[in-house]
Number of protein chains: 2
Amino acid sequence: MTQQDTRVTAGMIVIGDEILSGRTKDVNIGAVADFCTDLGIDLTEVRIVSDEQDAIIEAVNALRIRYTYVFTSGGIGPTHDDITADAIAKAFGVALPINEQARAMLEARWKQTGTEVNEARLRMARIPEGADLIVNSVSAAPGFRIGNVHVMAGVPSVFQAMLGNVMPTLRTGRKLMAQSVPCPHGEGDIGGPLGEIQKNHPDVVIGSYPRYDGKRFSTEIVIRGADEGAVNAARADVEAMVAGLAPRAVEG
Amino acid sequence: MTQQDTRVTAGMIVIGDEILSGRTKDVNIGAVADFCTDLGIDLTEVRIVSDEQDAIIEAVNALRIRYTYVFTSGGIGPTHDDITADAIAKAFGVALPINEQARAMLEARWKQTGTEVNEARLRMARIPEGADLIVNSVSAAPGFRIGNVHVMAGVPSVFQAMLGNVMPTLRTGRKLMAQSVPCPHGEGDIGGPLGEIQKNHPDVVIGSYPRYDGKRFSTEIVIRGADEGAVNAARADVEAMVAGLAPRAVEG
């Protein structure tokens, strides 16, 4: 647990057959990744699981003991295939009653919009016992937080509104500086010297991200670290290395 | 194992700090999802893990015993942060020697392009003992298959070229039919009747996917199943249900 004293970590669980079938292309993972990076939270693992209760329970219980925070997206709507609240309640071993605060919020909105109250809609007021609501401005249906797990909607605009409302409640971490050096050469040219630079700068993490534009490879080199001086020193070495490379025609 | 006799399943592991930091937005998951759906393979779980050996080993060993196939993307390049081959060799308990076939392929390409052979580049010829190469037309650097695990590049065009070459080697599954019914109403209106239709059509799986356009919610209802008649029958019931709904002003 020493690690958790200094780092703030997160795991994410995306719940949805529509992502696994390819029908919907996920954008919530990228949103959480950006969100965590902005807050100095280290997003360490993401799992995408199907709309099956056991799969959700297993993922939630694996990640919630491992990371400071867990964020989930998907499966909290009013239809029969929305089973996230049930699975979370089971994962925590608590009941899933109608939450009166959630019901009041939903009924106020429904009254405003002339929406019929029905059994399906009231499913969205079922909140695990002991959870706090995560409200949002887009939809009246709340998400919820139980323990360190934040359960949010799958629709991206609703998900992001909920994430914004969760933000002030989170402990933030030491934000890493990241500096990026573009390199017109493929990784094969820089692999050796870049490894040496990494060895000489143990206080930063140097990542190398290849790109291919259909004709040639290039690389983006990213230096991350908590200390500005250390990041700048490593960056200077990386830039000097890149500048010293002979121009090349094709990288393969 | 009865389930595996009739279904072909897959898990995917995306290896990359750049995805978890938000710097790169993943597109390989969507490509694998579409690929599996086309082949009747049931993509059941995806994990995104960081560039840490223990994280990769844990994910590989968890998924390879669970699913017919595992696909990985990322971390097989020539730089110090490319540790996937090392992790896979450890996960399988085998050595990671220079593979002579891989070396010959790489050297042929390097000769053609006048590329210097160096230690970093030769890292890409290190292949776990007992693995088969996954060649691709974009880059000379091969991926590899060991057991049921297919280890491929992170760069999307290279990843997709490798996936295309893996395809003929895979057992395909029973391809599901999927029919989609657009519904101009939010899920709250259809939750009750849609649940009834699901109960009346146990041989299909009915999914409901909400959308929000900034003003109102709508829903895409998807009916999946192996039997065309069953899918069509459920679809007819869904269409009749949608047609019978009163027009509504706002969904909240």
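Residues numbered from 1 in each chain as written. Chains lettered and ligands numbered in written order. Predicted model: local features only at pLDDT ≥ 70, side-chain atom pairs only at ≥ 80, totals over all residues. Heavy atoms only, no water.

**Observations regarding the packing of helix 9 (residues 187-200) of chain B against helix 10 (residues 228-243) of chain B**
How two helices pack is summed up by the angle between their axes together with the distance between the axes. Residue and element names in this part refer to chain B. Put simply, the test is: The angle between two axes is taken between their N-to-C directions and runs from 0 to 180 degrees, where each axis is a line fitted to C-alpha atoms and a helix contributes only its stretch in contact. Starting at the N terminus, helices and strands are each numbered in turn, a helix being any DSSP run of H or I of at least four residues and a strand any DSSP run of E of at least two. Should an angle fall under 35 degrees it is called roughly parallel, over 145 degrees roughly antiparallel, and 65 to 115 degrees roughly perpendicular, with every other angle called oblique. Here a crossing is taken to be left-handed if its near helix is turned anticlockwise relative to the far helix by less than a right angle, and right-handed if that turn runs clockwise. Contacts are assigned to residue pairs with any non-hydrogen atoms lying within 4.5 Å of each other. Residue type decides the class: Asp, Glu, Lys and Arg count as charged, Ala, Val, Leu, Ile, Met, Phe, Trp, Tyr, Cys and Pro as nonpolar, and the leftover types, Gly among them, as polar.
One way to put it is that helix 9 packs onto helix 10 with a least axis distance of 10 Å and a crossing angle of 160°. As judged from the angle between their axes, helix 9 and helix 10 are roughly antiparallel. In the packing of helix 9 onto helix 10, the handedness of the crossing is right-handed. Together, Ile 190, Pro 193, Leu 194 and Ile 197 of helix 9 and Ala 234, Asp 237, Val 238 and Met 241 of helix 10 make up the contact between the two elements. Split into classes, the residues belonging to the contact of helix 9 with helix 10 amount to seven nonpolar, no polar and one charged.

**Describing the packing of helix 4 (residues 53-64) of chain B against helix 5 (residues 84-92) of chain B**
Residue and element names in this part refer to chain B. The contact between helix 4 and helix 5 brings their axes to 9 Å, and the two run at 50°. Judged by the inter-axis angle, helix 4 sits oblique to helix 5. You can see that helix 4 and helix 5 cross each other, and the crossing is right-handed. Counting all contacts with helix 4, which are made through Gln 53, Ile 56, Ile 57, Val 60, Asn 61 and Arg 64, the residues of helix 5 involved are Thr 84, Asp 86, Ala 87, Ile 88, Lys 90, Ala 91 and Phe 92. Class assignment of the residues belonging to the contact of helix 4 with helix 5 gives a composition of seven nonpolar, three polar and three charged.

**Re the pattern of salt bridges**
Between side chains of opposite charge, a pair can form when the charged atoms approach closely. The line we're drawing: Throughout this description, the term salt bridge denotes a Lys or Arg side-chain nitrogen within 4 Å of a carboxyl oxygen of Asp or Glu. In this scheme, a residue with accessible area under 20% of its type's maximum is buried, one over 50% is exposed, and one in between is partly exposed, where area comes from a 1.4 Å probe on protein chains only.
One pass over the full model with this rule turns up 28 salt bridges over all chains. Between Arg47(A) and Glu45(A) there is a salt bridge, and its shortest N-O distance comes to 2.7 Å. Pair check on accessibility: Arg47(A) and Glu45(A) agree, each one buried. The network of salt bridges with shared partners includes Glu45(A), Arg47(A), Arg66(A) and Glu58(B).

**Here we look at the side chain of Thr44(A)**
Quick note on the threshold: Each polar contact in these results corresponds to two N or O atoms within 3.5 Å; when the atoms are within protein, one needs to be able to donate a hydrogen and the other to accept it, and residues that are neighboring in sequence are counted only if both atoms are side-chain atoms.
Inspection of the secondary structure puts Thr44(A) in strand 2 (residues 42-49). For Thr44(A), a relative accessible area of 18% gives the class buried. A distance of 2.9 Å separates a polar side-chain atom of Thr44(A) from the backbone oxygen of Asp42(A). Not counting the four nearest positions on each side in its chain, Thr44(A) is found in contact with Arg7(A), Thr9(A), Ala10(A), Tyr67(A), Leu20(B), Ile48(B), Val49(B) and Ser50(B).

**Topic: the environment of Arg23(A)**
Structurally, Arg23(A) can be placed in the loop between helix 2 (17-20) and helix 3 (28-39). The exposure class of Arg23(A) is partly exposed, given its relative accessible area of 31%. If near-sequence neighbours (up to four positions away) are discounted, Arg23(A) is found in contact with Glu18(A), Ala178(B), Ser180(B), Tyr209(B), Glu220(B), Val222(B) and Arg224(B).

**Some remarks on the sheet that holds strand 4 (residues 132-134) of chain B**
Put simply, the rule is: Pairing between strands requires that DSSP locate at least two bridges from one strand to the other.
What the twelve strands build is an open sheet, ordered 4(A)-5(A)-6(A)-3(A)-1(A)-2(A)-2(B)-1(B)-3(B)-6(B)-5(B)-4(B); its pairing is mixed. The open sheet has two edge strands with one neighbour each: strand 4 (132-134) of chain A together with strand 4 of chain B. The average undirected angle you get between the axes of adjacent strands in this sheet is 20°. For strand 1 (residues 9-15) of chain B and strand 3 (residues 69-73) of chain B, the ladder comprises five bridges, and the chain directions are parallel. From the neighbouring strand, Ala10(B) faces strand 3 of chain B, where its bridge partner is Tyr69(B). The sheet contacts of helix 8 (residues 156-166) of chain B involve strand 1, strand 3, strand 4, strand 5 (143-146) and strand 6 (149-152) of chain B, and relative to strand 6 of chain B the element is tilted by about 150°.

**Structural notes on the interface of chain B and chain A**
Here is the rule: Note on definitions: buried area is the accessible-area loss of two parts on being combined, 1.4 Å probe, summed for both.
Opposite the 67 residues of chain B that make contact, chain A presents 67 residues. Across the chain B to chain A interface the summed buried area is about 5100 Å²; carbon plus sulfur atoms make up 53%. Our count for the contact surface shared by chain B and chain A stands at eight salt bridges. A salt bridge links Asp34(B) to Lys25(A); the shortest N-O distance between them is 3.0 Å. Across the contact surface, chain B and chain A share 25 residue pairs in polar contact (both at pLDDT 80 or more). If one sorts the elements of the side of chain B that touches chain A by residue count, helix 9 of chain B sits on top with nine residues. Across the side of chain B that touches chain A, the residue classes break down as 25 nonpolar, 23 polar and 19 charged. Pairing of strand 2 of chain A with strand 2 (residues 42-49) of chain B involves five bridges; the strand directions are antiparallel. Bridged to Ile48(A) within strand 2 of chain B is Val46(B).

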